[in-house]
Amino acid sequence: MADHDDIRARAEAEILAADSAAALKDIERAYLGKKGEVAGLLASIPSLPAEERPLVGKNANLLKQAIQAALDARGSELEASSLDAERGAGDFDPTLPPRPLDTGSLHPITQVTRELEDLFLSMGYTVLDGPEVERDFYNFEALNIPRDHPARDSQDTFYCDDSGDFSLRPHTSPVQVRAMERLEPPFRVIAPGRVFRHETTDASHEHTFHQMEGMVVGKDISVGHLIGAMKTLLRGIFHREVEVRLRPGHFPFVEPGFELDARCPFCSEGCSVCGRTTWIELLPCGLVHPNVLRMSGIDPEEWSGFAFGLGLSRLVMLRYNIDDVRHLLGGDLRFLEQF
Ligand SMILES: [Zn+2]
């Protein structure tokens, strides 16, 4: 009997003093393991007088249960206190509402692109896509840009191999060519997408930016149609009537070609955005050059068309008053979370 009480007292004292799950394991092994003290008691039973055996056996089992219960209780205590420590020593309040989830938002370029797509779809245009790695024929040749044209300078174009046949498209115009090859006139298409230029980057230049190409081919398409479409476009972007003007501009794939300027939407007497002129240079456009139509298998005697190349990145900057184009694709969440 004395043995039982002695073992129990020692075991309970050790368990109380244990400060880790590992220490408890050691104690469990020492008392309840195969070679532990309780096992020793049980092993001694056969050598005892027959009348003592049942009582000793019963007590040994009670001792075993008592030690196990003490081990379990101390184990739960240790676990709870380590959780408390993790939760900031009891500061944790499980009734507080959870932090709201970060939901993210659409990139401003995506937002403006989608708005413009909706606008042009409502005017009967089709939205087209094309490859970003493009052949020389579609990038330049079919657009009436001859071999010696400065736009082909390798300073501006990312070539993909030494043959010069493949490059990252420097504009979205090759999608026009593919449209003319594939579609029967009359048709109206837009092609928004990424374009690439081999340029030194600064606040207004980026190696990767976005454009939206537009093209209409039909009967007797005139400069009047072009201006009408551009005014609708600007109304869609700035949500009000915007005055426009055309200046002559030379681009190999249009004839006549124009630079379209829009009245500065931010001022009436000149500001930093318009460089104090009250006009903002917005997009090159013009009537499609007969050579370009012909090269894509469309008869310029029968069909005519207009085309424009909108700088989407620039438009997004104007719309949201962004002062550095590099913010757009910089991936900085502090910038992106504002939209
Ligand atoms: Zn202005």
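Check the entry above for the structure.
Note that the structure is predicted; figures quoted are calculated from it, not measured. (Residues numbered from 1 in each chain as written. Predicted model: local features only at pLDDT ≥ 70, side-chain atom pairs only at ≥ 80, totals over all residues. Heavy atoms only, no water.)

Caption draft 1: How the structure looks around the overall build of the chain. Within the chain, the secondary structure is distributed over 11 helices and nine strands. For 339 residues, the compact-globule formula gives about 20 Å, and the C-alpha radius of gyration of the chain, at 40 Å, lies well above that figure. C-alpha atoms of the chain, sized along the principal axes, occupy 125 × 50 × 40 Å. Looking at the chain as a whole, 41% of its 339 residues are labelled buried. (Helix = DSSP H or I, 4+ residues; strand = E, 2+ residues; numbered from the N terminus. Rg over C-alpha atoms; globule rule 2.2 N^0.38 Å. Buried < 20%, exposed > 50% of the residue type's maximum accessible area, 1.4 Å probe, protein only.)

Caption draft 2: Spotlight on the layout of surface pockets. In this structure, the largest pocket encloses a volume near 1,200 Å³. Forming the boundary of the largest pocket are 45 residues, of which Arg197, Phe209, Gln211, Gly311 and Arg314 lie nearest the centre. For the lining of the largest pocket, the secondary structure elements donating two or more residues are β5 (208-218), β7 (254-263), β8 (279-288), β9 (304-311) and α10 (312-320). When residues in the lining of the largest pocket are grouped by element, the largest group, six residues, is from β8. Tallied by class, the residues present in the lining of the largest pocket amount to 24 nonpolar, 12 polar and nine charged. (1 Å grid on protein atoms, 1.4 Å probe; cavity = no way out; pocket = protein on both sides within 12 Å on 5 of 7 lines; lining within 4 Å. Points joined across faces, edges and corners; volume = space filled by probe spheres on them. Nonpolar A, V, L, I, M, F, W, Y, C, P; charged D, E, K, R; others polar.)

Caption draft 3: Quick peek at the nonpolar core. Counting 43 residues, the largest nonpolar core has Leu116, Leu282, Leu283, Phe306 and Phe308 as its most contacted members. Mapped by element, the contributors of at least two residues to this core are α5 (108-122), β5, α8 (223-238), β7, β8, β9 and α10. The contact partners of Phe306, leaving out residues within four places of it in the chain, are Tyr125, Gly214, Met215, Val216, Ile221, Ser222, His225, Leu226, Ala229, Gly286, Leu287 and Val288. Residues Phe140, Val177, Met180 and Ala191 belong to the second largest nonpolar core, which totals 24 residues. (Core = buried A, V, L, I, M, F, W, Y, C linked by side-chain atoms within 4.5 Å. Contact = heavy atoms within 4.5 Å.)

Caption draft 4: Inspection of the pairing of strand β4 (residues 187-196) at higher detail. Across the 10 residues of β4, eight count as buried, placing the element largely inside the fold. In this structure, strand β1 (residues 126-127) lies alongside β4, joined through two bridges in parallel fashion. Opposite Val127, over in β4, you have Ile190 as the bridge partner. As defined by bridge partners, β4 adjoins β5 across 10 bridges and the pair is classed as antiparallel. Residue pairing across strands places Phe196 opposite Thr208, the latter belonging to β5. (Pairing = 2+ DSSP bridges.)

Caption draft 5: Spatial organisation of the packing of aromatic side chains. Inspection of every chain in the model, using the stated rule, returns five aromatic pairs. Taking the centre distance of 5.1 Å and the plane angle of 85° together, the rings of Phe137 and Tyr138 count as edge-to-face. Taking the relative accessible area as the measure of exposure, Phe137 reaches 28% and is therefore partly exposed. In this structure Tyr138 comes out as buried when scored by relative accessible area, which is 13%. Consider the rings of Tyr320 and Phe339, whose centres lie 5.0 Å apart with planes at 75°: the pair is edge-to-face. Pair noted here: Tyr320 is in helix α10 and Phe339 is in the segment after α11 (333-336), with a separation of 19 residues, a long-range link. Looking at Tyr320, the relative accessible area reads 25%, which means it is partly exposed. Its relative accessible area of 21% is what places Phe339 among the partly exposed residues. One aromatic cluster is present, built from ring pairs that chain together Phe120, Tyr125 and Phe308. Over the aromatic face of Tyr138 sits the side chain of Arg178, whose NZ or CZ is 4.0 Å from the ring centroid. Above the ring of Trp303, the side-chain terminus of Lys219 is found at 4.3 Å from the ring centroid. (Phe/Tyr/Trp six-rings, centres within 6.5 Å; stacked < 30°, edge-to-face > 60°. Lys NZ or Arg CZ within 6 Å of the ring centre and 35° of its normal.)

Caption draft 6: Quick look at the pattern of salt bridges. If you walk through the whole model with that rule in mind, you get 18 salt bridges. Between Glu115 and Arg319 there is a salt bridge, with the nearest N and O atoms lying 2.9 Å from each other. Within this pair, whereas Glu115 is found in helix α5, its partner Arg319 is found in helix α10, the two being separated by 204 residues in sequence. For Glu115, a relative accessible area of 30% puts it in the partly exposed group. (Salt bridge = Lys/Arg side-chain N within 4 Å of Asp/Glu carboxyl O.)

Caption draft 7: Region of interest: unusual backbone geometry. The omega angle of the peptide bond from Pro185 to Pro186 is 0°, so this bond is cis rather than trans. Considering the arrangement of structural elements, one finds Pro186 in the loop between α7 (173-182) and β4. Pro256 follows Glu255 through a cis peptide bond whose omega is 0°. Mapping Pro256 onto the fold places it in strand β7.

Caption draft 8: Just the packing of helix α2 (residues 21-32) against helix α3 (residues 37-44), in detail. Where α2 meets α3, the closest approach of the two axes is 4 Å, and the angle between their N-to-C directions is 10°. Of the possible angle classes, the one that applies to α2 and α3 is roughly parallel. Residues Ala30, Tyr31 and Leu32 of α2 touch α3, and the partners they reach there are Glu37, Val38 and Ala39. Per-class residue counts for the contact of α2 with α3 are five nonpolar, no polar and one charged. (Axes fitted to C-alpha atoms, helices over the stretch in contact; angles between N-to-C directions. Parallel < 35°, antiparallel > 145°, perpendicular 65-115°, else oblique.)

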